[in-house]
Amino acid sequence: MSVSETAASFRQLAEQSNAWPFEEARKIVARLKKHPKAEVIFETGYGPSGLPHSGTFGEDARTTMVRHAFRILTDDKVKTRLIAFSDDMDGLRKVPDNVPNKEMLERYLGKPLTKVPDPFGTHPSFGEHNNARLRAFLDHFGFEYEFMSSTECYKSGRFDQALLKVLARFDEVMAIMLPSLREERAASYSPFLPVSPESGIVLQVPVTAHDAKAGTITYQDPDTKEQVVTPVTGGRCKLQWKPDWAMRWLALGVDYEMAGKDLIDSVKLSGEICRALGGIAPDGFNYELFLDEKGQKISKSKGNGLTIEEWLRYASPESLSLFMYREPKAAKRLYFDVIPRNVDEYYQFLDGLERQDARQQLSNPVWHIHSGKPPKIDMPISFAMLLTLVSSSNAENADTLWGFIGRYRPGVTPKTHPKLNELVEYAIHYFRDFVLPGKKFREPKDAERAALIDLRDALSQLPAKATAEDIQNVVYEVGRREPFLDHKKKAKDGKPGVSLDWFNLLYQVLLGQEKGPRFGSFVAVYGLQNTVGMIDGALARSA
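Residues numbered from 1 in each chain as written. Predicted model: local features only at pLDDT ≥ 70, side-chain atom pairs only at ≥ 80, totals over all residues. Heavy atoms only, no water.

Trainee: Even after reading the chapter, I still don't get the environment of G200, so can you show me in this structure?
Mentor: Note on placement: G200 falls in the loop between β4 (192-194) and β5 (207-211). Taking C-alpha positions, G200 is 9.2 Å from Y108, a pair spaced 92 residues apart along the chain. (Helix = DSSP H or I, 4+ residues; strand = E, 2+ residues; numbered from the N terminus.)

Following this line, the structure appears as structure tokens:
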């Protein structure tokens, strides 16, 4: 089969794939058939009143996945761009809690973020500081994007024609917006927000007149009470955010932008405005919001949930990408306890890729995470196993863990397996910060104590080179007794199976944690004699 035939066959599989990036990409393909154009524009938005966060990462990661899926469906024959747009001309509404020099910032409330001094003292303005943080953030994760500033677009004249169109359709825009507003807000609402030439503040004032031919609006100065006429172009006005969103879609020709579930109504209103301006609203979907450990919506002001920095202290960016890939339209808890699962399942997906045919690979998350070019990584030990090793040995450094690993897998070193070395460091951080504070050993009951003694004796009789499977069989046989029998399960020999209570007991009594990896595998890595010593310690603690 030739290269072109292979590509065509691959594209056909992609056209049938039910992976959500392909489902989204097919919407854009259908859009192009109705409205042909030479370039497809993807967009993500950023509010630079705060630092980049998990939502920023999720939106850029997911949009990048859809963009790559679209390139596959079109054989990369249609040019694409991803615009990372910063709303840095918004007025500063309140002083953030996590910045220095708060008293200084109080004097600049209402001014565009690019006119507010940088409280960190590193950039000409607060907006530019946060824009730089955004770009560094996106660059760190390797996103391919084009940065665009609201301030620059307004002041350079890039938005002028679209702004004049909003002015020409002023009444239509008002007719769309007013029914969505409270009576008091509707009485003074205007889609245009003039920027005061005296104070520099983005004014929330009624527009008393508008002249589409002159390209101006008239408003009453809140201080002097005089009528002021100002052009809507050249950065002398900006739009309220819903009309602004619609105007931006029109001006930049945006074809695809996703948004959080909390913006469903805003997306609909902006879409209506975009169509009223003669544009075509972009495709996209509304993703669910992240929840904290209590099931409450994550909020920047509350500081609940898990930050990007915290995730990257305990796990790799790829594991975070897997979390973002999964079920984007379902609410998910973004908290510490989701990390180990996503770390291990990322490597499981990666390991399984080579054994999959092309159709299956297109539904494998790592194919989308790595834009169709997943790396080959040998991960001989799971993150869950490393966490259990740290917990059992109270490891204070990586050398202790590598001692176990080297004995279990001779020849595996930090140099031969650098990704495993990263995982070791992540495991130590995770244990110290999250597992250790909640570590609590429970005492075994009499029947459980007797079972632990039998397990200790049985493990002591095994040869030093016993395999993980040999050890697991012994653990299973020792647990085949009351109160651990599971009469609903049947073992291979037809006898009753062993309930999870037996295995949970081992972790709760021996390690002070609720769950753990397969116990036989753990013992194989930790060592038979070390495990016997651990059981003796637990028995002594509860004597």
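Trainee: Teacher, can you tell me more about the pairing of strand β2 (residues 79-86) here?
Mentor: In summary, the side chains of a regular strand alternate between the two faces of the sheet. Taken across its 8 residues, β2 has 7 buried, putting it largely inside the fold. Here strand β1 (residues 39-46) pairs with β2 via 8 bridges, running parallel. Bridged to V40 within β2 is T80. Note on the crossover from β1 through helix α3 (residues 54-73) to β2: the handedness is right-handed. (Buried < 20%, exposed > 50% of the residue type's maximum accessible area, 1.4 Å probe, protein only. Pairing = 2+ DSSP bridges. Right-handed = clockwise from strand over helix to strand, strands pointing away.)

Trainee: Even after reading the chapter, I still don't get the pattern of salt bridges, so can you show me in this structure?
Mentor: If the charged atoms of two oppositely charged side chains come close together, the side chains can form a pair. Counted according to the given criterion, the structure contains 29 salt bridges. The shortest N-O distance in the salt bridge between D76 and R71 comes to 2.8 Å. Residue class for D76 comes out partly exposed when judged on its relative accessible area of 42%. Among the residues examined, R71 registers a relative accessible area of 26% and is labelled partly exposed. (Salt bridge = Lys/Arg side-chain N within 4 Å of Asp/Glu carboxyl O.)

Trainee: So what exactly am I meant to see when it comes to the packing of aromatic side chains here?
Mentor: The geometry of an aromatic ring pair is captured by the separation of the ring centres together with the interplanar angle, meaning the angle of the planes. Counted according to the given criterion, the structure contains 28 aromatic pairs. Seen from their ring centres, F85 and F159 are 6.2 Å apart, and the 25° between their planes marks the pair as stacked. With a gap of 74 residues between them, F85 in strand β2 and F159 in the loop between α6 (150-156) and α7 (160-168) connect regions that are remote in the sequence. Summarising the burial analysis for this pair, F85 and F159 share the class buried. (Phe/Tyr/Trp six-rings, centres within 6.5 Å; stacked < 30°, edge-to-face > 60°.)

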